[in-house]
Amino acid sequence: MSSVSRLVSSVCKKIIKPYSPTPISLRCHKLSYLDQMVGGIYLPLALFYPKLSNTWSNKPNNVVSQHLEKSLSKVLTNYYPFAGKLNDNISIDCNDSGVEFFITKINCPMSEIFNHPYFEKHNLVYPTEVINNQYTYEGSLAVFQLTHFSCGGIAISMCLSHKVGDGYTFGNFMNHWATIARNPLSSEIYPISPKFDGSFYFPPTKDEDSSNVSNNNIVPQREECVSKGFSISSSKLTALKARVINESKVQNPSDTEVVSAFLYQRAMATKKLVNSSSIRPSLLHQAVNLRPPLPKHTMGNIGCLFSILTKEEKEMDLAQVVSKLRKEKEEVKQKYKNAKIEELLPITLEQYRKANDLLVNNSCYDLYRFSSLITFPSYDVDFGWGKPEKVISPLSTSNPPIKNMFVLMDAKNRDGVNLTCSMKKQDMLAFERDEELLQFASPTS
């Protein structure tokens, strides 16, 4: 047993089922084509609450757990596929078999988790079997853990199979769950009531072809990596934006564009130092949420990719990278702007093919993947005892599975951007010491 795992004093497992049975008409949830494309990797997210509000601070642990279990049961009625079973790569049998809910106690204060390098102790707040087997776990499609710390704080984590939904689905669920927990006796309707109708917009392939779609899935192979967290304050972000505005025609660069371009630039620069050579040609893949043009209530995997290519050192200029990102993003938006429903899948597949062709035709290039949860209200998830002090992203584990992956999130109170990056260890050692990176980004782990 490792010194980290010795901190766990107890683990209890429960199965939480939907409060109301799923109607017969909804029992078979067809996967969309995009659901079929993604691999079955589990996406983890954790929220930390160091001090519960006065109403909750003196209540025993089992009361906190029961509060979460009851509200989870109720919200699963709306998110019924989470409590079902995957049927090959075709559908989900929404049989209300339930989700796994773990309760643990950890013999250390929450601060000890945050102050550990490379996120080693972050794994403690996730269900062990899931986080150690993110690609192969065979339990429920959504798995939860409530962690009690010796300081009195708690963490709530969730691991969601990518087959069921994307980051937007994940975030919407957490806020919907919290709304029900805060108002258990209210008939308040959550602003975005979910619909699992992705197959209407992205019709699935025929049954006999579904395995071929899965074999060509868009989730990369697992590699041994380390992850680190950084934060860019709002003042530093403003300075980066000013540089872009002064040196390009993009006069309103977004947080995602500027931070993605900056990290991509610094990753390429430090990789050059590691290899003691000229710049390695590189690709940036950016995930894009397609809500809109699709309705905000549509859950599942509703997104596409666009890419930019960097071959020469003169193309590494920050303003130039932002300009390329903006140009590609605008072209994608234009394609979808007046698209008919039957045109959505061909347009989306063309985007994936375009990104894939760039990679296949340039297999020696470095690939950097970016996903942004900026503007999504992660820090508004209040179960009744206040908002989280910290939210950690899907890469915040000691052994993240994807190389050169970056996840961007709003900082608390929208004061800048928090980011997590995953790299090979030797690349990370150079990246985290990069002087220009550290002028704007502060390590958080």
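What you see is a predicted model; the values in this text were computed from it and never measured. (Residues numbered from 1 in each chain as written. Predicted model: local features only at pLDDT ≥ 70, side-chain atom pairs only at ≥ 80, totals over all residues. Heavy atoms only, no water.)

Draft legend 1. Structural view of the pairing of strand E3 (residues 42-49). With eight of its eight residues buried, E3 lies for the most part within the structure. Because side chains alternate across E3, one face comprises the buried residues Tyr 42, Pro 44, Ala 46 and Phe 48, and the other comprises Leu 43, Leu 45, Leu 47 and Tyr 49, equally buried. One ladder, built from eight bridges, connects E3 with strand E8 (residues 154-161); its direction is antiparallel. Paired with Tyr 42 across the strands is Ser 161, a residue of E8. Here E3 pairs with strand E13 (residues 390-392) via three bridges, running antiparallel. When the bridges of E13 are listed, Phe 48 appears paired with Lys 390. (Buried < 20%, exposed > 50% of the residue type's maximum accessible area, 1.4 Å probe, protein only. Helix = DSSP H or I, 4+ residues; strand = E, 2+ residues; numbered from the N terminus. Pairing = 2+ DSSP bridges.)

Draft legend 2. Looking closely at the sheet that holds strand E1 (residues 8-16). An order of E1-E6-E7-E8-E3-E13 is seen for the six strands of this open sheet, with the pairing classed as mixed. The open sheet is flanked by E1 and E13, the only strands paired with a single partner. Between one strand axis and the next, the sheet turns by 15° as a mean value, whatever way the strands run. Running over the sheet, helix H3 (residues 61-76) touches E1, strand E6 (99-106), strand E7 (142-149) and E8 and is turned about 160° from E6. The strands touched by helix H6 (residues 167-182) are E3, E7 and E8; relative to E8, the strand with the most contacts, the crossing angle is about 135°. (Axes fitted to C-alpha atoms, helices over the stretch in contact; angles between N-to-C directions. Contact = heavy atoms within 4.5 Å.)

Draft legend 3. Inspection of the environment of Asn 54 at higher detail. Along the chain, the position of Asn 54 falls in helix H2 (residues 54-57). Residue classification places Asn 54 among the exposed positions, given a relative accessible area of 72%. Spatially, the C-alpha atom of Asn 54 lies 9.9 Å from that of Gly 386, the residues being 332 residues apart in sequence.

Geometric values such as these leave the question of function open.
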